Structure formats: C-alpha cells, structure tokens
Amino acid sequence: MQEKYLPPEIESAAQAQWASKQVYRAAEASDRPKYYCLSMFPYPSGRLHMGHVRNYTIGDVLARYHTLRGFNVMQPMGWVAFGLPAENAAIANNVPPAAWTYANIDHMRTQLQALGFAIDWSRELATCKPDYYRWEQWLFTRLFEKGVIYKKMATVNWDPVDATVLANEQVIDGRGWRSGALVEKRDIPMYFFRITRYADELLSGLDNLPGWPERVKTMQANWIGKSVGVRFAFPYQLDGQDEKLWVFTTRADTIMGVTFCAVAAEHPLATRAAADNPGLAAFIAECKQGSVAEADMATMEKKGMDTGLKVTHPLTGEQVPVWVGNYVLMSYGEGAVMAVPAHDERDFGFAQKYSLPIRQVIEAGEVREAKKAIEAGGLTEKGLAQCEKVLSDSQFTPERWQVWYEEKNGVCVNSGKYDGLDYTAAVDAIAADLAALNLGEKKTQFRLRDWGISRQRYWGCPIPIVHCDNCGDVPVPADQLPVVLPEDVVPDGSGNPLNKRADFVNCTCPKCGGAARRETDTMDTFVESSWYYARYACPDFDGGMLDARANTWLPVDQYIGGIEHAILHLLYARFFHKLMRDEGLVTSDEPFANLLTQGMVIADTFCREAADGKKTWFNPADVEMRDGVAILKSDGQPVIVGGTEKMSKSKNNGVDPQALIDQYGADTARLFTMFAAPPEQSLEWSDAGVEGAHRFLKRLWKLAFEHVQGGVVAACSGGDLPDAAKTLRRQLHQTIQKVSDDIERRKQFNTAIAAVMELMNALARLEGDDAITRSVRQETLEAAAVMLSPIVPHVAEALYAELKPGVAMVWPTVDEAALVQNEIELMLQVNGKLRGQVSVAATATREVIEAAALASEAVQKYLEGQAPKKVVVVPGRLVNIVI
RNA sequence: GCCCGGAUGGUGAAAUUGGUAGACACAAGGGACUUAAAAUCCCUCGCCAGCGAUGGCGUACCGGUUCGAGUCCGGUUCCGGGCACCA
C-alpha cells in the first residue's frame, strides 16, 4: 500500500476500471429491486459550476448508497441542449448554436467523468438531436389532432429596433437588452397545450406524492390556484347593440360595492371608446409599452383612464363607469375586472388616485354584534362600555375594511337585501340572483393558464405543422418526421433565421400536395425536459417514443434538482406524464416518486454598465477585492458589485470546479461540497474550508496505512472486549446507525460525514496493538470505507481493496448488542436552567431518577431545604425541578 | 407586488419529536517537531464579569404559549428562489 494519499493516481485508476468493466451500466433483467436515480440534466452552457457539482454529487451519493444496499440502480445523464444561450453565443462569436452546443457537451461530459459519478453513459441523450425530438414532434401531432394543442393569440415582448421577440430575461427596465429600445407588447398567434384541462388532476395528484417536499407541493397548489367564484356580466348598449361585459370574481359578496370596472387596453370596449377619443387612444398605446412579465405588471404604477362608457350593475341597475387599467391583461381571464375599492387594496389605490367613489359593504362580525346589542338596549353599564369600545376601536379606515374583507369573517352592509349575510351566504344568494337574471353563475376557476409553447427562435425543436392556404394548419404525418432543424445556421439577433431559409420553409401540403409553408416557430425547451426522464429507459428505441422498458423503470425513484424548478419544470413534467399516460405510453400517473430539491448555490455578481445601459458581467474568479472595492484583475479598474444570485450563464457568476479538482482531486471536491451544508439549504459559495476536507482524507488514508502495515486481520464481530475497544465499537455501531439514517431518510450528508469524522478521531486515539483491539480497528476501518464510499468513491474503493482484498463492498449492519449502555447521564435543570448532571442506570425508574436528582448537590444548593413545586422527568434526557 | 423558503460564534454549520445551544470543520492564537519552511501533532477559541470556582447574557428583531422555545404561535426586518419566453 502507498504511504501517501495520491488522488490523481487513485482517481484515474478507479475511473478507468469503472469504464472498462461498465460497472454503472443498468440492466433491465435483474432480480434485484430497481432504483431509478435521476438528477436534472444540465443545459450545456460551457463549463460545470458548483451548482452542478452539488446536484450531481447528491444524486451520486444516493445512487451509490442504493447499489450498496442491493438495488439495481440506473443513473443516466444527458443534455437539455436547445435554448437561448446558444443563440446568444452565436451572435457574440459568430458560431452556429449547434457547433457551440456540441463542443460544450464534450467538455462538460469530460468534467462529469472526472468527478467519478456512477452514471450509465450508454443512455446519454441530447435533446437537440433529431432522434430525440422526432418523438416530441410525433406526440405534438397526436395531441394536435386530439385538440389538446390549439392555436390562439398571445402577448409577447417585442423589440421594435431588432424586430424580434424578447424573452422576459432580455427585457431590462422595459428596454431591449441589445437595442436599448422601449419594449412593446405585441399579440401573435401561438400554439398552446391545454394544461388547464388537467388542472384538477395536477392539483389532487399532489396528495399522492408523500415523497415530495411540502414547500414544493404548496407552491404548485398555489400556482394552480383553484378558486370557486362567480362569472357574471354587466349589460350595456353600444352603437344600438345589446352587449355584456363579463368579469370573474371570488368575492361576489362585495358586488354591491362595485363603483367602477377596469378593462385591458386591448379589450373591445376600450378599442371602441378610443375610436372617437384621441386621449384614450394615446393612453392605450402607452399601456402597450413595457414587458409582459407578471413581476413587472405587479410592481408598475397602476394607471387608468375613463372610457366615458358606462355599464349597468346587474343587481342595482346603477350605471358603472368603465376604465382602462394598465394592470388588466387581455389574455388573463375575461380581460376585465370589477372594482371594489373599499375592500381591495389595488382598487382602493386606483380609486383614491382618480377620485372614484368608495363604498363600504363589509363589516367585521364583532362590530355587527356590538351595534345589535346597543340597539336592543338593556345592557349593563359595563356591557355598554364594552360595545362602545368595540365600535370606537373599529372606526372605518380603509386598512380595517381590507382586513375584514381578507379574513372573510365579516357580514354584508350597505348591500340592500344581502345585509347581514356572511361570506358564504352572500355569495350563494348573489350567485342565485345573477343566475335568475341569466347574467352569471358560479364557476370554478384556476389561476393556471394554458401553456404557450411557440417560440420565435431558431435553436429549438421545430413545431411540426405545415401551413396550407387550402387546408389550414396541417400536422406533419408520422412517416415524414422528424422535421429536421438545419444545424449550419448562425442567428444575428434580428428575428428567426429559419424564416430566411427557403429550403426549410417551402414544402408541400401533406393533405392536398399543394405548395405550402412550414411553421418556423420552435417549441419551448421545457417541452424537451418534460419527458426525457422516460426516454432514458429506452434511448435507443427507434420504433416509437417509448417502449415497454419505460414502465420497467418508471416512476423515477429519486429525482434531484434545484428548488428553482419547483413550479414550472416539475409541473410541466407531471402534465406531460399524464399526456403520455393518456396516449398509452406509460402506466403510472406521476413521473417522480421522491423529490429532493437542492438549495441554490449562490455567488456574487459583478458587472460594468456601458453608456447605453448595456451590462457586461464578470466572473467572480476574474474579480478581486482591494480595500473593499471590487476590481477586475485584468485591467485593475473597479466593477459594480451586484446581488448574490444563483450561479448562471447570464450573470456569469458560475464557479468552475476544475481548479478544485486539479488541486485536490474529485473526492475532496465531492466531500467538501457535501460537507458544506445540507442539500436543501441554499449555499453561498466559498472554498474556505476545502483544506479541511482534504486533510480528513489524508488522515483517513494514514490511519488505514498504519493499520494495514501491521497486517490485515478478520474484523471484530462482537463478544467481550476491553473497555476502550468496547467504547469505540459502540461508537462505530452508533455511527453506522446514524449514517444510514442520514443518507436514506434524512438525506443530510454533512452530518453523516461529521459522524464518520468523529469516529475516525476516536479511532486515532484508540491505543493497543493486541489482536482484539486490532480486530476492532479493522472492523471500524472497513465500515468507514464503505460508509464514505458514496461520497468519496475513489479513495474509499482503494482503501477497501487494501483492507479486504478481492471482496465487494456491502453496507455494514448495526450490531444491536454493541449499542447497549449500562449507565446514562441526565441533565439537571432548576426552573429550566441547566445546573448539573446525574448518572443513573439505563433501566432506572422515574422514582429512582427523581430521587437521584433531588439528592444531587447541584439541586440541593437551589432547593435550600424547600420541597420542589414540580419535578419534570424526561426519560433519557433530563430532570427539571421547579421551585 | 404576489407565492415559497431562510436568518444560530470571526466563517460553513450541528442540535432529527418542545428537553445539555454551538457537534463536526474552517479561520485565528499559542505550543511541539524542524537549521528553516511546508506537512503533521497537541492546546485555546460565543459574548460579558472574574485569578479562578462560578455567575449573567446569548439562536435577525418585538411580543406570546410552556416547567422548559433555535424549534410552536402572532407581528416586523433583511436575504434567497419563483412569477408562466433564462433553464
């Protein structure tokens, strides 16, 4: 055995052996239970960053642990290879996105392999390859024919200078990131997946996912946002026609408080009113500026303008003014809302700004009670005072009205026949009255909107539709798939270059054979990532999307990925799974049985801003702090310190693990990453402490080396031991218990590592070279190597091979007999404060413990001869004496 | 703005079900070994008072429940993730 720990030699030897023996290749034919361990596949941005290392190490620890536990493990890897960064790189460097992407994949695959992950590389896939997206196109055509996919208008960010659609990320402070032009909203036709048809199942299905974090399920449930409300209409007459303005509300109980309505700038009512009102037309044009992102809509200043038109309140017959509001979006709901400024914060602000009437229609329950009591009379002086206090404490203020509204525990006032009704009764009565008038009904609504998947971009999966003047939108027949994306294209940032490719665009109609045009929009990249987990089961199948192997492996037993994907990716994948189920491709209802959401690895961002507002982002590795000022190393000039954000391509704050691997080896990088924090916690990146992780591996190596030098022996398997050896062996088996639980149930690896560190510290202190002590040492080192092997596989395998040559690793089992302890120590508290300890037999009864505690010097000192008021005994933990 | 999380020593963190706050590490300081350095090993290390024994305070902030709160409840601040075209 080598005396020195030499990571480069150990790691390359181990990796070469794993590769040549294909040890991580998963076989379908196995009598062992399957364990499908999947980490979210990376976007090939160029280099790995610490977020990837963390994600894939977590997955690898779980995969390797389950292999040691006897499972047939599959851990695949691939690339979500279409996307915006490739087009940005193409514009910046004049390289085709395809070439850039494939080069990145090669580099990142090498980096992943250097980290020693137990990946079945025979299943590798890249979503930009025709043999992958072919089946996505095939499913698209099936769903199109079924009506699950449909076409409608949708609003996008339009850059009028670059004449291109912008992603939300590319709109900065309302301007295009490259041109600096003011961004406009523009309506274009897009294809949509009818995800809302599955809204109920996506919501109720969350209850069948006990292996998912509560926070993710809460976020998804809120996102889907099921609410029961009332859809109703305000009738009006315009140009001699009877029309209806439809709105939806979850608070029909406040309908009597409506003092105006607000419609979107694109609403037909607004368009009509603007026809003979230039001021309004100008305001509508203004509303069309800015991005479509919800965060921008919610934070912008709420503005409006009166259309001059009035609609009729369906219950009071009052004339209600209609305003155009810049915060109302045509594509959400009805494109119009009723406004109750007395109880809705946004409506209140709007009404104040434009001096619109505010009418209270909800009153807190206790106010109502107090008023009633006073009216009825006969109150005692004290009772009257109490009621009056309630009233004076509840003077009408907009803040109070809003609270009464939010808490839904008030009653209606100023609402005519509905006065005195509570929330439920009022909603029911009002809905019934509206229904009787044929002007409304109760309706279940979802916040979730249909999924628009058209992207006006080149580097994506072509939408398999042909536009024919005679036949309309015709799906490409299966035998003509895939519609192959040409890979020799370099986008220039002004629109989709596919539009300029006659060889791509021009085609014949599959239906009538006439000249036709191919759709040039590509699909949202979330479509590719919505089914890759299933394709890993049968990546080589060319007879269809999936074969029977998909049902062998699905559902994924453990899915691991960033919390950033809690809603969109995970919801889309769940939706897609149900689409595939309904196509008969899979039999399960949900794709991911257990989910581990990794906390973000975050790092500082640094940038410089050019005169035109364009920002250049610098990698933290290229920046240093001098006297509290961030300086770019290359030119010595200052840079702006941005926020601390998740590592990303766009902010260039990804920390490449390569330097760490080169200096210390993959095992140290893995160990350090797992030791830094528990997986679910977000982690501000710092390599301070990596020395400690490396030192531990060196110490471990040295302990094993020293033992092996004296000759390997059979591991201890119990029996009578000297005290020191017995104590160590107890700690060993406690550690096995803890590490197993930490990895399997808690999925918290930092504490598992700490426990093995403690065990190794204790082992280093164990003296004696007798046969029994050496056998305990052997048992401890063997178990430590196995317990660490999921985290640091290279060094652990090398050590195990020295300790137990020619034998395969098996996860150690806990020897219950080794755990037995005769005496335990209890903490003594007086009035909840720690005042001492007492030793008692492990079997001691409550009475014995209490007596021992009261007799102890520490407690006697505080009792001063008095009897305690109360004694609390917590078995195995402490005694608290209350005096 | 809305939804979901988080905040514990100089630093990363631990405390699993309401029961010893700070395990395990990093950094720092002191010492051993060395011609010297590196490496390694040993010791100290929440804050305040005290020579010490010990005592008081302490888990972002304010309040509450409890024999007992880092943990539960109400409110606040700051930080991170998401907000449907970054992936």
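Remember, it's a predicted structure, so these values are computed and weren't measured experimentally.

## What to know about the packing of helix α7 (residues 214–224) against helix α20 (residues 568–582)
In step 1: The interhelical angle for the contact between α7 and α20, taken along N-to-C directions, is 75°, at an axis separation of 10 Å. Between α7 and α20, the interaxial angle falls into the category roughly perpendicular. Of the residues in α20, those in contact with Val216, Gln220, Trp223 and Ile224 of α7 are Leu568, Leu570, Leu571 and Arg574.
In step 2: Broken down by class, the residue content of the contact of α7 with α20 amounts to 6 nonpolar, 1 polar and 1 charged.

## What to know about the sheet that holds strand β18 (residues 440–446)
In step 1: One open sheet accounts for 3 strands, arranged β11-β10-β18; its pairing is antiparallel. Across the chains shown, the open sheet's two edge strands, defined by having one partner strand only, are β11 (241–249) and β18. Recorded for the sheet is a direction-independent mean angle of 35° between the axes of neighbouring strands.
In step 2: Summarising the sheet, strand β10 (residues 226–238) and β11 pair through 9 bridges and their orientation is antiparallel. Within β11, the residue paired with phenylalanine 234 across the bridge is leucine 245.

## Quick word on the protein's contact with RNA strand B
In step 1: Taken together, 76 residues form the shell around RNA strand B, and within it Arg457, Arg695, Lys738, Arg745 and Asn880 come nearest.
In step 2: A breakdown of the atoms of RNA strand B within 4 Å of the protein gives sugar and phosphate a share of 62%.
In step 3: The side chain of arginine 745 places a nitrogen or oxygen atom 2.5 Å from a base oxygen of RNA strand B.
In step 4: In terms of residues, the surface near RNA strand B owes the most to one element, helix α25 (residues 749–765), which gives 6 residues.
In step 5: Residue composition of the surface near RNA strand B, grouped by class: 32 nonpolar, 21 polar and 23 charged.

## Points about the nonpolar core
In step 1: By size, the foremost hydrophobic cluster in this structure holds 175 residues, and its most contacted members are Phe193, Tyr533, Met545, Phe576, Met580 and Met760.
In step 2: No other element matches α25, which puts 10 residues into this core.
In step 3: Apart from the residues lying within four places of it in its own chain, the contact partners of tyrosine 533 are Tyr36, Leu38, Leu554, Val556, Ala573, His577, Met580, Pro591 and Phe592.

## Here we look at the packing of aromatic side chains
In step 1: The final tally for this structure, using the stated rule, is 34 aromatic pairs.
In step 2: Note on phenylalanine 82 and tryptophan 459: the rings are 4.9 Å apart at their centroids and 80° apart in plane angle, and the pair reads as edge-to-face. With a gap of 377 residues between them, phenylalanine 82 in the loop between β3 (78–79) and α3 (84–93) and tryptophan 459 in the loop between β20 (454–455) and β21 (465–468) connect regions that are remote in the sequence.
In step 3: The class for phenylalanine 82 is buried, based on a relative accessible area of 1%.
In step 4: With a centroid separation of 5.5 Å and an interplanar angle of 70°, the aromatic rings of tyrosine 532 and tyrosine 536 are classed as edge-to-face.

## Regarding a positive patch on the surface
In step 1: A cluster of like positive charges, contributed by Lys4, Arg695, Lys698 and Arg699, occupies part of the molecular surface.
In step 2: Position of arginine 695 relative to the elements: it lies in helix α23 (residues 690–709).

## Observations regarding helix α15 (residues 423–436)
Every α-helical turn comprises 3.6 residues, leaving residues that sit three or four positions apart pointing alike.
In step 1: Along its 14 residues, α15 runs 20 Å from first to last C-alpha, staying within 8% of the 20 Å computed at 1.5 Å per residue.
In step 2: Along α15, the residues classified as buried are Tyr423, Ala426, Val427, Ile430, Ala431 and Leu434. Along the axis of α15, the buried positions cluster into a sector of 125°, meaning they face one direction only.
In step 3: Residues of α15 that are buried sit in contact with β10, β17 (411–412) and β18.

## Description of helix α8 (residues 268–275)
In step 1: Buried residues of α8: Leu269, Ala270, Ala273 and Ala274, and no others. End-on view of α8: buried residues confined to an arc of 130°, all on one side of the axis. Exposed residues lying more than 90 degrees from the buried face of α8 are Pro268 and Ala275.
In step 2: Where α8 is buried, its residues touch β10, β11, β12 (260–263), α9 (278–287), β13 (304–312) and β14 (319–325).

## Quick word on the sheet that holds strand β1 (residues 34–39)
In step 1: Read from one edge to the other, the open sheet built from 4 strands follows the order β2-β1-β26-β27, with strand pairing classed as parallel. What marks the edges here is a single partner per strand, and that holds for β2 (72–74) and β27 (595–598). Ignoring strand direction, the axes of neighbouring strands in this sheet form an average angle of 15°.
In step 2: In this sheet, β27 lies alongside strand β26 (residues 558–562) in parallel orientation, the contact comprising 4 bridges. Its bridge partner lying in β27, tyrosine 559 is registered against leucine 595.
In step 3: Set on the sheet, helix α2 (residues 50–68) makes contact with β1, β2, β26 and β27; between it and β1 the angle comes to about 175°.

## Thoughts on unusual backbone geometry
What is expected of a backbone is that most residues other than glycine have negative phi and most peptide bonds are trans.
In step 1: Residue proline 482 is reached from leucine 481 by a cis peptide bond, and omega for that bond is 0°.
In step 2: Assignment of secondary structure puts proline 482 in the loop between β22 (472–475) and α16 (502–505).
In step 3: With an omega of -5°, the peptide bond between leucine 554 and proline 555 qualifies as cis.
In step 4: Mapped onto the elements, proline 555 comes out in the loop between α19 (549–553) and β26.
In step 5: A positive phi angle, close to 55°, is found at serine 355, a residue other than glycine.
In step 6: With respect to the helices, strands and loops of the structure, serine 355 is situated in the loop between α11 (345–353) and β16 (362–363).
In step 7: Owing to a relative accessible area of 66%, serine 355 belongs among the exposed residues under this scheme.
In step 8: Despite not being glycine, lysine 747 shows a phi value in the positive range, around 50°.

## Let's talk about the layout of surface pockets
In step 1: By volume, the second largest pocket is sized at about 980 Å³.
In step 2: Trp18, Val23, Tyr24, Arg64 and Glu797 are the residues nearest the centre of the second largest pocket, which is lined by 41 residues in total.
In step 3: Among the elements that make up the lining of the second largest pocket, the one with the highest residue count is helix α1 (residues 7–21) (7 residues).
In step 4: Grouping the amino acids of the lining of the second largest pocket by side-chain chemistry returns 23 nonpolar, 8 polar and 10 charged.

## Digging into the pairing of strand β5 (residues 149–159)
In step 1: Bridge count for β5 against strand β9 (residues 184–193) is 10 bridges, and the pairing is antiparallel. Note that in β9 the partner of valine 156 across the bridge is arginine 186.
In step 2: Where β5 meets strand β6 (residues 164–166), 3 bridges bridge the pair, whose relative direction is antiparallel. Residue tryptophan 158 lies in a different strand from β6, and its bridge partner there is valine 165.
In step 3: Taking the residues that link successive antiparallel strands as the turn, the β5-β6 hairpin has 4 residues, and the phi of alanine 163 there is positive, at about 50°.

## Examining the pairing of strand β31 (residues 629–632)
In step 1: As paired elements, strand β30 (residues 623–626) and β31 share 4 bridges and run antiparallel to each other. Bridge pairing in β31 places methionine 625 opposite alanine 630.
In step 2: Between β30 and β31, which follow one another and run antiparallel, lie 2 residues, and aspartate 627 among them has a positive phi close to 50°.

## Quick look at the pattern of salt bridges
In step 1: Evaluation of the coordinates by the stated rule reveals 48 salt bridges.
In step 2: Residue arginine 64 pairs with aspartate 60 through a salt bridge whose shortest N-O separation is 2.8 Å. Of this pair, arginine 64 and aspartate 60 both sit in helix α2, separated by 4 residues, roughly a single helical turn. For the pair formed by arginine 64 and aspartate 60, the shared burial category is buried.
In step 3: Linking arginine 109 and aspartate 106 is a salt bridge whose minimum nitrogen-to-oxygen distance equals 3.0 Å. Of this pair, arginine 109 and aspartate 106 both sit in helix α4 (residues 97–114), 3 residues apart, which is roughly one turn of that helix.

## What to know about the packing of helix α24 (residues 723–746) against α25
In step 1: Direction vectors running N to C along α24 and α25 enclose 165°, while the axes themselves pass 8 Å from each other. With respect to their mutual orientation, α24 and α25 come out roughly antiparallel. With respect to the hand of their crossing, α24 and α25 are arranged in left-handed fashion. Of the residues in α25, those touching α24 at Leu728, Gln731, Leu732, Thr735, Lys738, Val739, Asp742, Ile743 and Arg746 are Phe749, Thr751, Ala752, Ala755, Val756, Glu758, Leu759, Ala762 and Leu763.
In step 2: Taken together, the residues that form the contact of α24 with α25 break down as 11 nonpolar, 3 polar and 4 charged.

Rules behind the numbers
Residues numbered from 1 in each chain as written. Chains lettered and ligands numbered in written order. Predicted model: local features only at pLDDT ≥ 70, side-chain atom pairs only at ≥ 80, totals over all residues. Heavy atoms only, no water. Axes fitted to C-alpha atoms, helices over the stretch in contact; angles between N-to-C directions. Helix = DSSP H or I, 4+ residues; strand = E, 2+ residues; numbered from the N terminus. Parallel < 35°, antiparallel > 145°, perpendicular 65-115°, else oblique. Contact = heavy atoms within 4.5 Å. Nonpolar A, V, L, I, M, F, W, Y, C, P; charged D, E, K, R; others polar. Pairing = 2+ DSSP bridges. Near = heavy atom within 4 Å. Polar contact = N/O pair within 3.5 Å; in protein donor to acceptor, adjacent residues only side chain to side chain. Core = buried A, V, L, I, M, F, W, Y, C linked by side-chain atoms within 4.5 Å. Buried < 20%, exposed > 50% of the residue type's maximum accessible area, 1.4 Å probe, protein only. Phe/Tyr/Trp six-rings, centres within 6.5 Å; stacked < 30°, edge-to-face > 60°. Patch = residues over 30% accessible without salt bridge, like charges linked within 9 Å, V, L, I, M, F, W, Y side chains within 5 Å. Areas by Shrake-Rupley, 256 points an atom, 1.4 Å probe, with all protein chains shown as cover. Salt bridge = Lys/Arg side-chain N within 4 Å of Asp/Glu carboxyl O. Lys, Arg positive; Asp, Glu negative; His and termini not counted. Charge placed at Lys NZ, Arg CZ, Asp CG, Glu CD. Expected span 1.5 Å × (residues − 1). Arc of directions from axis to C-beta. 1 Å grid on protein atoms, 1.4 Å probe; cavity = no way out; pocket = protein on both sides within 12 Å on 5 of 7 lines; lining within 4 Å. Points joined across faces, edges and corners; volume = space filled by probe spheres on them. Left-handed = near helix turned anticlockwise from the far one by under 90°.

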